[in-house]
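If you want the building blocks of each chain, they are given just below.
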Amino acid sequence: MSSDHAAHAPSSAPNAPHALRFVLHVWRQKNAQSTGEFATFHLDDVSPDMSFLEMLDVLNERLIAAGDDPIAFDHDCREGICGACSLTINGQPHGFERETTTCQTHMRRFEDGATLYIEPFRANAFPIVKDLVVDRSAFDRIIAAGGFVSARTGSAPDANALPVPKGDADRAMDAAACIGCGACVASCKNASAMLFVSAKVAHLSLLPQGQAERGRRVLSMVERMDAEGFGNCTNESECEAACPKGISVANIARLNREYLRALATES
Amino acid sequence: MSAHVVGASSKLASKCPTGPLADRWQKHRFELKLVSPANRRRFHVLVVGTGLAGASAAASLAEMGYEVSAFCIQDSPRRAHSIAAQGGINAAKNYQNDGDSVWRLFYDTIKGGDFRARESNVHRLAEVSVDIIDQCVAQGVPFAREYGGLLANRSFGGAQVSRTFYARGQTGQQLLLGAYSALMRQVGEGKIKLYPRHEMLDLVLVDGVARGIVCRNLVDGAVRSFAGDAVLLCTGGYGNVFYLSTNAKACNVTAAWRAHKRGAVFGNPCYTQIHPTCIPVSGAHQSKLTLMSESLRNDGRVWVPRAGGDARAAESIPETERDYYLERKYPSFGNLSPRDISSRAAKQVCDEGRGVGATRMAVYLDFRDAIRREGAGGIRAKYGNLFQMYERITGEDPYQAPMRIFPAVHYTMGGVWVDYNLESTIPGLFVLGEANFSDHGANRLGASALMQGLADGYFVVPYTIASHLAGRKLGKVTTDHAAFARTEQEVRERIERLVNARGTRTPDSFHRELGLLMWDKCGMARNAAGLGTAIERIRDLREQYHRDVRIPGDAANLNSALEHAGRVADFFELAELMCRDALHRDESCGGHFREEFQTAEGEAQRDDANFCYAGAWELDASANGLAWNLHKEPLIFENVKLAERSYK
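Because the structure is a prediction, the values reported are computed rather than measured. As a convention, each chain's residues are numbered from 1 in the sequence order in which they are written. Starting at A for chains and at 1 for ligands, labels are handed out in the order in which the entities are written. Reporting of local features is limited, given that this is a predicted model, to residues whose pLDDT is at least 70; pairs of side-chain atoms are given and counted only at 80 or more, and all residues count toward the totals for whole chains, interfaces and linings. With hydrogens and water set aside, each side-chain value is computed from the structure's full complement of heavy atoms.

Caption draft 1: Examining the overall build of chain B more closely. Scanning chain B for helices and strands turns up 16 helices and 20 strands. Relative to a compact globule of 648 residues, whose C-alpha radius of gyration would be 26 Å, chain B shows 24 Å and is just as compact. In terms of overall dimensions, chain B has a C-alpha envelope of 75 × 60 × 50 Å along the principal axes. Any two residues whose heavy atoms approach within 4.5 Å are treated as being in contact. Taking contacts inside chain B between residues at least 6 apart in sequence as the whole, the part at least 24 apart equals 74%. In the form shown here, chain B has an accessible surface area of approximately 21000 Å², with 50% of it arising from carbon and sulfur atoms. Here chain B carries 79 positive and 73 negative side-chain charges, and the mean point of each set is 3 Å from the other. Put simply, DSSP H or I for four residues or longer makes a helix, DSSP E for two residues or longer makes a strand, and each gets a number counted from the N terminus. For a compact globule the rule gives 2.2 Å times the number of residues to the power 0.38, and the radius of gyration it is set against comes from C-alpha atoms. Here, Shrake-Rupley sampling with a 1.4 Å probe gives the accessible areas, and only protein chains in the shown set may cover a residue. Only four residue types enter the tally: Lys and Arg on the positive side, Asp and Glu on the negative side; His and the chain ends are excluded. Charge placement uses NZ in Lys and CZ in Arg. For Asp and Glu, CG and CD serve respectively.

Laid out in structure tokens, this is it:
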């Protein structure tokens, strides 16, 4: 059964010169146990200056006013850095715009009259909580398994005691820019988390601070990644294309190298 | 309507050490009690919030051997709003050999706060700032470096030395991920129990001591109690009372406000920071405001047309008809003048009708000269991600035309009153980071929020918590205690009241209305008449809210409207207190600008004779409805001379 809500209530934001029209097919699912389905909404007064999530806000305000359940979606900073927002828009995690999170995507980028399918990030390791909200705690468990440098508070030497070549520091920062949103997993046909895991492994193995636990770290994280039900990498590079922070698949090569190195050296 | 004033109060024992300022923290640490390593595991600490303050505190306490439970409303502790801080973190390392010192950082912070913070606290903050950088580097935080491999620094708003450490435009993210990784290490080792998607809705007191919290599981709606020996609130600031702010959407005051309603005194609620460089509002749909890092002011020049109503495009306005008003008014600090001063100056030129853009509520931040000097490539290397963000949001290219910026609510210096140990007036309740009122006085300097959050969590509370745990006889308390059942019941009743209102308006529509009112009457400039009107209006709206709010569905599921509704209910109460505090403080200082109290040149006019104190408000539990008593903590300056804060 598919419901069709015509959300034609008088516009609350008609301040833009050209209002845009969209047809939205949004995944609705009551909870983890139930099966979901698409619900259809027609919006005919979307300001081009709205962000994608602001468009959903406007829709939700109308749903609440009509006594309906608002569409649940994760979001928080709306600046593209917290990694909470997680929509798959027309089959692409975070939509079509390169290196841009859903919250930073603006409606002026879409064609007037477009039909948009909005789904959660789909992966077995990311069970759906409600509507567009998924459970990504598997990522936290991977970090807990080894994504750190064990440096207890108070035991650090002077920050300049350990020079780090600028190139290494820059490459570490490139990898550390990962926001943990899970778009890499959602974009991968194998639902692999290797871009996420490799970003952390690369960040810490590039730095002198990360050397002491270098082998142990990669083995523990990969073991946890497998146990969580993520798939393997088959070099499609969809993850890099979907990543809102442009994390490179070169990190996955580094991960594989680190893993083999650790297998050979850790006993 | 006048508040009952209690005067210099025994309620507020600051517990600041005495003696030479530079020795106080060391002396205090020696005098603090200790919990021996073997005994620590017997104490259970509840840490609410997992931003910089919460994650660093939880990790550090667990490393020491305490049993810790950590709670956050996000799906992962890594998403706390500290992650969005862009610019950097201050530390008195003096790595640039440009005259910095612990004393200078202390002095800049005291002065920047317009002489409304405690000397002892601020000096401690400056002292531990150097340890923070060491700690973060050891965790693998990828700070910017020079070719020699040593750490790079930059200068930041309100400082004449380069003491700011940074990781591109993502310093908060990298510091938080460092603290988060330390937290998760302890989770992996079983030393911390983690409760994501849990919202603290009340504090549980047993014999007047904080012994637990009541949370709602945001996924299944279950209301559940947690008992412990101490509670740490690390729940951030309340800038979202204005609806539009640079805060994340879920930022709220609920945990702090619930503690306030259980007796914790609230300090300086009217001190709010308006950040000068944000992207202006584009329409009524606006859900939040985006900050453009203050670091842009190192190279961007702020200006408006000299003449009002000048509608020409920026590039057709000749140099002689531009007013670089910050450089004109504050020649020694220029475009890097502190946030409160820069924000007010922007408001002033817009009020004069010289604002730019379609709404006329914006000023230019112009990189033309910097691009001429360093080339577009040089500017891209420094600010590429920020320029890209601006282009995405506005659809305009800042390499071609100047950015348009306007001030927006960014940070709240006020918060739960705490003593030198970071303990509130409720024994056993500690408050860290932005949630407390302690270190920034009436205005916070750039790159100091990250410093304070991590100072509190890594290097202050791990010591001071022992004053409570070892200093008081704490009997064993479990959630079977009647106080838990009673508090849980009150929480459930509050939830049911909201759900059962079944009114006509959404929580968001009320929140927007409240926010606009606060921005108009209690924002960048306030006056007595406006504040009086605001208080009346807030009371009306609040009453209407509880009668007419509409929340679909029930409380037994993930219900985002209900989550929001609970937070808005608490904002409605806080808003009144903010206005009362602003109304009582008959002076201007830092972020609190009362139009009646300004110098001939339009600068803030402090009244040190009458207002050199922290205003701390205690809920009057005996009153019918909301009422407060004001306590005053006198601020004593023994080491710096109170002066007019000049950046000219």
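Caption draft 2: Spotlight on the state of the cysteines. Two cysteine sulfurs form what is called a disulfide whenever their separation falls within 2.5 Å. In the structure shown here, the tally under the stated rule is 0 disulfides over all chains. In this structure C103(A) is a free cysteine whose sulfur lies 3.9 Å from that of C85(A), the closest cysteine sulfur available. In this model C522(B) remains outside any disulfide bridge; the closest cysteine sulfur is found in C579(B), 4.2 Å from its own. Residue burial is assigned from relative accessible area. The probe radius is 1.4 Å, only protein chains are included, and a residue is buried under 20% of its type maximum, exposed over 50%, and partly exposed in between. With relative accessibility at 0%, the residue C522(B) sits in the buried group.

Caption draft 3: Spotlight on the pattern of salt bridges. Residues and elements named next belong to chain B. A pair is scored as a salt bridge if a Lys or Arg side-chain nitrogen falls within 4 Å of a carboxyl oxygen belonging to Asp or Glu. Tallying each qualifying case throughout the model produces 76 salt bridges over all chains. Close ionic contact of R116 with E587 constitutes a salt bridge, the shortest N to O distance being 2.9 Å. In this pair, R116 sits in the loop between α4 (102–112) and α5 (119–139) while E587 sits in the loop between α15 (560–584) and α16 (608–611), placing the two residues 471 residues apart along the sequence. By relative accessible area, which is 0% here, E587 ends up buried. Here R301 ties to E327 by a salt bridge, and the two come within 2.8 Å at their closest N and O atoms. Of this pair, R301 sits in strand β13 (residues 301–305) while E327 sits in helix α8 (residues 325–329), placing them 26 residues apart in sequence. Using a relative accessible area of 21% as the deciding quantity, one classes R301 as partly exposed. The class for E327 is partly exposed, based on a relative accessible area of 27%. When salt bridges with common partners are traced through the structure, they connect D114, R116, D340, R585, E587, R606, D608 and R645 into a single cluster.

Caption draft 4: Highlighting the domain arrangement of chain B. Residues and elements named next belong to chain B. Just so you know, the domain bounds were taken from an automatic or database domain assignment. When its domains are assigned, chain B resolves into domain 1 (275–409) and domain 2 (482–606). Each of domain 1 and domain 2 has a C-alpha centre, and these two points are 31 Å apart. Opposite the 12 residues of domain 1 that make contact, domain 2 presents 9 residues. When two parts are put together, the accessible area they lose, computed with a 1.4 Å probe and summed over both, is reported as buried area. Of the roughly 870 Å² buried between domain 1 and domain 2 on both sides combined, carbon and sulfur atoms contribute 55%. Taken as a group, D340, R344 and K347 account for 49% of the area that domain 1 buries against domain 2, more than any other trio of residues on that side. Counting the contacts that link domain 1 with domain 2 gives 0 salt bridges. Contributions of two or more residues to the side of domain 1 that touches domain 2 are made by α9 (339–351) and β16 (403–412). Three categories are distinguished: nonpolar for Ala, Val, Leu, Ile, Met, Phe, Trp, Tyr, Cys and Pro, charged for Asp, Glu, Lys and Arg, and polar for the others, with Gly belonging to the last. When its residues are assigned to classes, the side of domain 1 that touches domain 2 shows 5 nonpolar, 4 polar and 3 charged.

Caption draft 5: How the structure looks around the confidence of the model for chain A. Looking at chain A, pLDDT values average 93 and 93% of them are 70 or higher. Taken together, the stretch residues 1–16 of chain A has pLDDT below 50 and engages in 39 contacts with residues farther than four places along the chain or on a different chain. One confidence number per residue, pLDDT, is output by the predictor and ranges from 0 to 100.

Caption draft 6: Region of interest: the packing of aromatic side chains. Put simply, two rings from Phe, Tyr or Trp (the six-membered ring, in Trp's case) pair if the centres are within 6.5 Å, and we call them stacked under 30 degrees between planes, edge-to-face over 60, tilted for the rest. Tallied over the full model, the rule gives 32 aromatic pairs over all chains. Look at W25(B) and Y420(B): their rings are 6.0 Å apart centre to centre, the planes differ by 75 degrees, and that puts the pair in the edge-to-face class. Here the residue W25(B) occupies a position in helix α1 (residues 24–31), and Y420(B) occupies one in the loop between β17 (415–416) and β18 (429–431), the gap between them amounting to 395 residues. Among the residues examined, W25(B) registers a relative accessible area of 3% and is labelled buried. For Y420(B), a relative accessible area of 0% corresponds to the buried category. A network of ring pairs unites the aromatic residues F22(A), F52(A), F96(A) and F110(A) as a single cluster. A ring is considered to have a charge above it if a Lys NZ or an Arg CZ atom is located within 6 Å of its centre and within 35 degrees of its normal. Directly above the ring of W27(A) sits R122(A), whose terminal nitrogen or CZ lies 4.2 Å from the centroid. If you follow R585(B) out to its NZ or CZ, it ends over the ring of Y613(B), 5.0 Å from the centre.

Caption draft 7: Region of the structure containing unusual backbone geometry. Notably, S237(A) is not glycine yet its phi reads approximately 65 degrees, a positive angle. Tracing the backbone through its elements, the reader meets S237(A) in the loop between α6 (214–227) and α7 (238–242). By relative accessible area, which is 35% here, S237(A) ends up partly exposed. Phi at N94(B) is positive, roughly 55 degrees, even though this residue is not glycine. Relative to the elements of secondary structure, N94(B) occurs in the loop between β4 (89–90) and α4. For N94(B), a relative accessible area of 27% gives the class partly exposed.

Caption draft 8: The arrangement of the sheet that holds strand β7 (residues 198–206) of chain B in detail. Residues and elements named next belong to chain B. Pairing between two strands is assigned when DSSP locates at least 2 bridges connecting them. Read from one edge to the other, the open sheet built from 3 strands follows the order β7-β8-β9, with strand pairing classed as antiparallel. Either end of the sheet is taken by a strand with one partner, and the two such strands are β7 and β9 (223–227). Geometrically, the sheet is characterised by an average inter-axis angle of 30 degrees between neighbouring strands, direction not taken into account. Two strands pair when backbone bridges link them, and β7 and strand β8 (residues 209–217) are joined in this way by 8 bridges, in the antiparallel orientation. Orientation is described by lines fitted to C-alpha atoms, with helices fitted over the stretch in contact, and by angles between N-to-C directions that extend from 0 to 180 degrees.

Caption draft 9: A look at the interface of chain A and chain B. With 79 residues of chain A at the interface, the matching set in chain B holds 74 residues. Buried surface at the junction of chain A and chain B, summed over both partners, amounts to about 6200 Å²; 52% is from carbon and sulfur atoms. Counting every contact that joins chain A to chain B gives 5 salt bridges. Residues D74(A) and R197(B) are paired through a salt bridge, measuring 2.9 Å at the closest nitrogen-oxygen approach. What qualifies as a polar contact is a pair of N or O atoms within 3.5 Å, subject to a donor-acceptor requirement within protein and to the restriction that residues adjacent in sequence count only when both atoms come from side chains. Where chain A touches chain B, the interface holds 42 residue pairs in polar contact (both at pLDDT 80 or more). The set of elements that each furnish at least two residues to the side of chain A that touches chain B consists of α1 (52–65), β7 (128–130), β8 (133–134), α2 (137–146), α3 (166–176) and α5 (194–205) of chain A. When residues in the side of chain A that touches chain B are grouped by element, the largest group, 7 residues, is from α3(A). Here the residues of the side of chain A that touches chain B are counted per class, giving 38 nonpolar, 18 polar and 23 charged.

Caption draft 10: How the structure looks around the nonpolar core. Among the nonpolar cores identified, the biggest contains 266 residues, and L24(A) and L232(B) are the most heavily contacted of them. Among the elements that make up this core, the one with the highest residue count is α15(B) (13 residues). Setting aside anything within four residues of it in sequence, one finds L232(B) in contact with V45(B), L46(B), V47(B), V48(B), A57(B), L61(B), F430(B), L432(B), V461(B) and I465(B). Among buried residues, those of type Ala, Val, Leu, Ile, Met, Phe, Trp, Tyr and Cys that are joined through side-chain atoms within 4.5 Å constitute a nonpolar core. If you look at the next biggest cluster of nonpolar residues, it comprises 7 residues, including W303(B), A314(B), V356(B) and A362(B).

Caption draft 11: The sheet that holds β13(B), seen in detail. All names here are of chain B. A sheet is described by the order of its strands in space; here 5 strands give the open sequence β12-β16-β15-β13-β14, paired in antiparallel fashion. Lying at the two open borders of the sheet, with one neighbouring strand each, are β12 (272–278) and β14 (322–323). Across 3 bridges, β13 lies against strand β15 (residues 363–366) in antiparallel orientation. In the strand pairing of β15, V302 is matched with L365.

Caption draft 12: Just helix α8 (residues 250–265) of chain A, in detail. All names here are of chain A. The span you would expect from a helix comes to 1.5 Å times its residue count less one. Over its 16 residues, α8 runs 22 Å from end to end, which matches the ideal 22 Å to within 8%, given 1.5 Å per residue. Buried within α8 are the following residues: N251, I252, L255, E258 and A262. For α8, the angular spread of buried residues about the axis comes to 115 degrees, placing them on one side. Projecting away from the buried face of α8 at angles above 90 degrees are the exposed residues A250, R257, L260 and A264. Its buried side turned inward, α8 meets α3, α5, α6 and α7. The arc in question is the one spanned by the directions pointing from the helix axis to the C-beta atoms.

Caption draft 13: Quick look at the pairing of strand β2 (residues 44–48) of chain B. All names here are of chain B. Burial of β2 is extensive: 5 of the 5 residues sit out of reach of the surface. Residues H44, L46 and V48 of β2 are buried on one face, and the alternating residues V45 and V47, pointing to the opposite face, are buried as well. Place the viewer so that the strands point away; then a crossover is right-handed whenever the path from the first strand over the helix to the second strand goes clockwise. Handedness of the crossover joining β2 and strand β3 (residues 67–71) through helix α3 (residues 52–64): right-handed. Examined bridge by bridge, β2 and strand β10 (residues 230–233) share 4 bridges and lie parallel to one another. Paired with V47 across the bridge in β10 is L232.

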